[in-house]
Amino acid sequence: MIDRRRWLSGLAAAAMGALLAGCDKLTMNPVVQQGLAMAEGLTRRAQRLVVDRKALAQEFSPAEISPDFRANGSTAPGDPEYRALVEAGFADWKLVVDGLVERPLSLSLAELRAQPARTQITRHDCVEGWSAIGQWSGARLGPLLDRAGLKESARYIVFHCADTLDPNAPAALGRYYESIDLIDAYHPQSILAYDMNGAPLAVKHGAPLRLRVERQLGYKHAKYVMRIEAVADLAGIGGGKGGFWEDRGYEWYAGI
Ligand SMILES: Nc1nc2c(c(=O)[nH]1)N[C@H]1C(S)=C(S)[C@@H](COP(=O)(O)O)O[C@H]1N2
Ligand SMILES: [Mo]
């Protein structure tokens, strides 16, 4: 997989080099000029990529909220650990934040609700060809990661879920999981949602906590999030491709 951040900073360094070279004899050479123009074009494209990735997803008005938001994938996880949490009304539930962080966290729902929050009405687009508009409230992922303190080496954020979607696979492959890079992790609309349409998240939509990563397709929006792990690469997680569906051939970056 391409490390987009490294790749982009390489391009930026090349562009800086070209700028610093200025208008010397070498750059008057037409062949060199052509090369520089190409480098500039590349940099502009890279710039657009970065700018686009930071842009906000469209938000909608309350009147546009779908009366019937479909549930998909796991909708009633049978995993015993999860069933026990449901039966206790998630009183014992804790979100673990660990991996490449300075201060590992273990947070209750009340503690998560006290974190910097955001509410947004967005459209969910599933790769299967359906969409729905919903209102989501949750803890902003960026400030939460800052509270844990990402180490220099952290490149991706992995979301470990409570549900086994493929009971025929070994546990590490059957459990749902997802991952995003730091650009999406720090995007202002990336939240860990605990409310949907003004009420606590229903089990079918990922109670008690699910990711909203609004610039990407539905399968990136991990439901039943139990643990958030900061990692340097994705090779050691699940099947190594960065997500349950990615391990089964889907794109890791599912931008919309
Ligand atoms: N843990 C978990 N997260 C998941 C899934 C799943 O099966 N398990 N399905 C994904 C898919 S394909 C979609 S479209 C959305 C569906 O979210 P919804 O049920 O709230 O509509 O959740 C995503 N996140
Ligand atoms: Mo989906």
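Calculation criteria
- Residues numbered from 1 in each chain as written.
- Chains lettered and ligands numbered in written order.
- Predicted model: local features only at pLDDT ≥ 70, side-chain atom pairs only at ≥ 80, totals over all residues.
- Heavy atoms only, no water.
- Near = heavy atom within 4 Å.
- Polar contact = N/O pair within 3.5 Å; in protein donor to acceptor, adjacent residues only side chain to side chain.
- Areas by Shrake-Rupley, 256 points an atom, 1.4 Å probe, with all protein chains shown as cover.
- Nonpolar A, V, L, I, M, F, W, Y, C, P; charged D, E, K, R; others polar.
- pLDDT = per-residue confidence, 0-100.
- Helix = DSSP H or I, 4+ residues; strand = E, 2+ residues; numbered from the N terminus.
- Core = buried A, V, L, I, M, F, W, Y, C linked by side-chain atoms within 4.5 Å.
- Buried < 20%, exposed > 50% of the residue type's maximum accessible area, 1.4 Å probe, protein only.
- Contact = heavy atoms within 4.5 Å.
- Phe/Tyr/Trp six-rings, centres within 6.5 Å; stacked < 30°, edge-to-face > 60°.

**What to know about the site of ligand 1**
As a structural note, the neighbourhood of ligand 1 is formed by 22 residues, with R70, S74, D163, H205 and K223 the closest of them. A distance of 2.7 Å is found between a nitrogen atom of ligand 1 and a side-chain nitrogen or oxygen belonging to D163. Against a free-state accessible area of 530 Å², the protein chains account for coverage of 98% of ligand 1. In terms of residue class, the shell around ligand 1 is made up of 10 nonpolar, 7 polar and 5 charged.

**Remarks on the confidence of the model for the protein**
Across the protein, the average pLDDT comes to 88, with 80% of residues at 70 or higher. Confidence scores differ between elements of the protein, with helix α1 (residues 4–21) showing the lowest mean pLDDT of 39 and strand β9 (residues 210–212) the highest of 99.

**Let's talk about the nonpolar core**
In this structure, W93, L95, L141, I157, F159, L192 and I228 are the most contacted members of the largest nonpolar core, which totals 50 residues. With sequence-adjacent residues up to four places away left out, I157 is seen in contact with L145, L150, E178, S179, I180, L182, A185, I228, E229 and A230. Ranked by size, the runner-up nonpolar core spans 7 residues in total, among them Y156, V158, V231 and W252.

**Description of the packing of aromatic side chains**
Taken as a whole and judged by the stated rule, the model has 9 aromatic pairs. A ring pair is formed by F69 and W130, whose centres lie 6.4 Å apart and whose planes are at 85°; its orientation type is edge-to-face. Here the residue F69 occupies a position in the loop between α3 (30–54) and α4 (80–87), and W130 occupies one in the loop between β3 (117–125) and β4 (131–140), the gap between them amounting to 61 residues. Judged by its relative accessible area of 7%, F69 falls in the buried class. The exposure class of W130 is buried, given its relative accessible area of 10%. Taken together, a centroid distance of 5.4 Å and an interplanar angle of 15° make the contact between Y176 and F244 stacked.

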